[in-house]
Amino acid sequence: MLKIFKIVAFLEGISYLTLFGNMLIIKPTHRELYDSLLFPIGMAHGLLFIAYIVLSVMLKVEENWSWKKFGEITAASVIPFGTFYIEKKYLRNV
């Protein structure tokens, strides 16, 4: 289960940064491209975010994580580059 969580965390981080890239870089210069990419990128990020949160709740119970560790892991999902930090701090040896 930890390996799946590690993969989902990485993909969620990539999708978050891609969503920001689409908003900050593509939107001002290529409005049509932005409009066509917004839904698929947003949908992928939304599904990965939900999977990240569900897996973190499941792993909190399964791995008996402390509330502090669980809070850090879930909070990292809304911070850019947060999931990469969590991977380095908690999931490196998985």
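Refer to the structure printed above.
Per chain, residue numbering runs from 1 following the sequence as it is written. With the structure being a predicted model, the display of local features is reserved for residues of pLDDT at least 70 and the display and counting of side-chain atom pairs for 80 or more, all residues being used for whole-chain, interface and lining totals. Values shown for side chains rest on all heavy atoms present in the structure; no hydrogens or waters enter the calculation.

## Observations concerning the overall build of the protein chain
Okay, step 1: Along the backbone of the protein chain there are four helices and zero strands.
Okay, step 2: Going from N to C terminus, the protein chain has its helices and strands arranged as α-α-α-α.
Okay, step 3: Each of the three principal axes of the protein chain carries a C-alpha extent, and together these read 45 × 20 × 20 Å.
Okay, step 4: Each of the 94 residues in the protein chain was classed as buried or not, and the buried ones make up 31%.
Okay, step 5: We call two residues contacting when some pair of their heavy atoms lies within 4.5 Å. Long-range pairs, those at least 24 residues apart, make up 63% of the contacts in the protein chain between residues at least 6 apart in sequence.
Okay, step 6: For the protein chain, the accessible surface area stands at approximately 5900 Å², while carbon and sulfur atoms represent 72% of it.
Okay, step 7: Just so you know, the count uses Lys and Arg for positive and Asp and Glu for negative, and it drops His and the chain ends. Charge positions are represented by NZ for Lys, CZ for Arg, CG for Asp and CD for Glu. Within the protein chain, the 7 negative side-chain charges are centred at a point lying 8 Å from the centre of the 10 positive side-chain charges. Numbering of helices and strands runs from the N terminus; a helix is a DSSP stretch of H or I covering at least four residues, while a strand is a stretch of E covering at least two. Whether a residue is buried, partly exposed or exposed follows from its accessible area with a 1.4 Å probe, protein chains only, as a fraction of its type maximum: under 20%, in between, or over 50%, in that order. Accessible surface area values rest on a Shrake-Rupley calculation with a 1.4 Å probe, where residue burial reflects the displayed protein chains alone.

## Re the pattern of salt bridges
Okay, step 1: A pairing counts as a salt bridge when a side-chain nitrogen of Lys or Arg comes within 4 Å of a carboxyl oxygen of Asp or Glu. If you walk through the whole model with that rule in mind, you get four salt bridges.
Okay, step 2: The residue D35 makes a salt bridge to R31 at a minimum N-O spacing of 3.5 Å. Here R31 and D35 lie together in helix α2 (residues 31-62), a separation of four residues that amounts to about one turn.
Okay, step 3: One salt bridge connects K68 with E72, and the closest N-O pair in it is separated by 3.8 Å. Here K68 pairs with E72, and both are found in helix α3 (residues 67-75), just four residues apart, close to one helical turn.
Okay, step 4: Residue K68 is classed as exposed on the basis of its relative accessible area of 62%.
Okay, step 5: On the basis of relative accessibility, which here comes to 23%, the residue E72 falls in the partly exposed class.
Okay, step 6: Because the salt bridges share partners, they merge into one network encompassing K68, E72 and K89.

## Comments concerning the nonpolar core
Okay, step 1: If you look at the biggest cluster of nonpolar residues, it comprises 12 residues: F5, V8, A9, Y52, L55, L59, W65, F70, I73, A76, I86 and L91.
Okay, step 2: Where this core is concerned, the elements lending two or more residues are α1 (2-29), α2 and α3.
Okay, step 3: Discounting chain neighbours no more than four positions away, the residues touching V8 are L48, A51, Y52 and L55. Think of a nonpolar core as a cluster: buried Ala, Val, Leu, Ile, Met, Phe, Trp, Tyr and Cys residues, connected wherever their side-chain atoms sit within 4.5 Å.

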